Amino acid sequence: MKSAPGRDTRPAYSTQRRTWYGYGSLGRVEKSGFGRFLHDATYIFGDVSVVALPSLFAIMAAEPAEGYALTGGALVVWMTMWLVGTVIRGGWIAPFRTDTLGWVSLRPSMLALRLVYYNAVVLIGAYGGAAVVDAVGAWYAWLIVASAFAAIATMCFPRTAESVARYLDDRRDRPSRIANS
């Protein structure tokens, strides 16, 4: 199993997933491909949904009286991030510019990165899709733009997290200038 900083690779290389039996009992069970997909889908849905709530609320509050491109674009971005993240976490597809399969770990620094990254992707995808509708005039343009942008951004996220984690680890391991003086 390959390891990379800031990445959780175990689900991508294993058919086992953690489960909860109740009353504080945790265990690992072997799951079929469909069971792994469902497990990973619920994990990524919670990951994306909870962290992207600020941007989703802002889009809902800022919705103009006419049109549906803004909220529709946000919904499409959100669901595309969920689906692409699910297949990356399960190891079915590899993210861009990395040989390591798997999703991003839940380290505190990665949670901060998620907060910025997910909300930026939702806002840019939703407003970008609405802008394309205004420019092109085709009602379905938001669907194409929002889904393509979200898929590309989600495929880039594990590599971005890996780079940030590597930078933070190098910075933490580097001796302080104050300690040397």
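Coordinates for the structure precede this section.
Residues numbered from 1 in each chain as written. Predicted model: local features only at pLDDT ≥ 70, side-chain atom pairs only at ≥ 80, totals over all residues. Heavy atoms only, no water.

*Asks:* If you had to explain the pairing of strand β2 (residues 16-22) to someone new, which residues and values would you point to?
*Replies:* Two elements, β2 and strand β3 (residues 25-30), share 6 bridges in a ladder whose sense is antiparallel. From the neighbouring strand, Trp-20 faces β3, where its bridge partner is Leu-26. Hairpin connection between β2 and β3: a loop of 2 residues separates the two successive antiparallel strands, and Tyr-23 in this loop has a positive phi of roughly 55°. (Pairing = 2+ DSSP bridges. Helix = DSSP H or I, 4+ residues; strand = E, 2+ residues; numbered from the N terminus.)

*Asks:* Before we move on, can you summarise the packing of aromatic side chains with the specific residues and values?
*Replies:* Taken as a whole and judged by the stated rule, the model has 6 aromatic pairs. Look at Tyr-118 and Phe-157: their rings are 5.3 Å apart centre to centre, the planes differ by 55°, and that puts the pair in the tilted class. With Tyr-118 in helix α5 (residues 108-136) and Phe-157 in helix α6 (residues 141-173), the pair connects residues that are 39 residues apart, well separated along the chain. We note that Tyr-118, like Phe-157, is buried. Through pairs of rings, three or more aromatic residues link up here, namely Trp-103, Tyr-117, Tyr-118 and Phe-157. Geometry around Tyr-43 places Arg-89 over its ring, the cationic atom sitting 3.8 Å from the centre. (Phe/Tyr/Trp six-rings, centres within 6.5 Å; stacked < 30°, edge-to-face > 60°. Buried < 20%, exposed > 50% of the residue type's maximum accessible area, 1.4 Å probe, protein only. Lys NZ or Arg CZ within 6 Å of the ring centre and 35° of its normal.)

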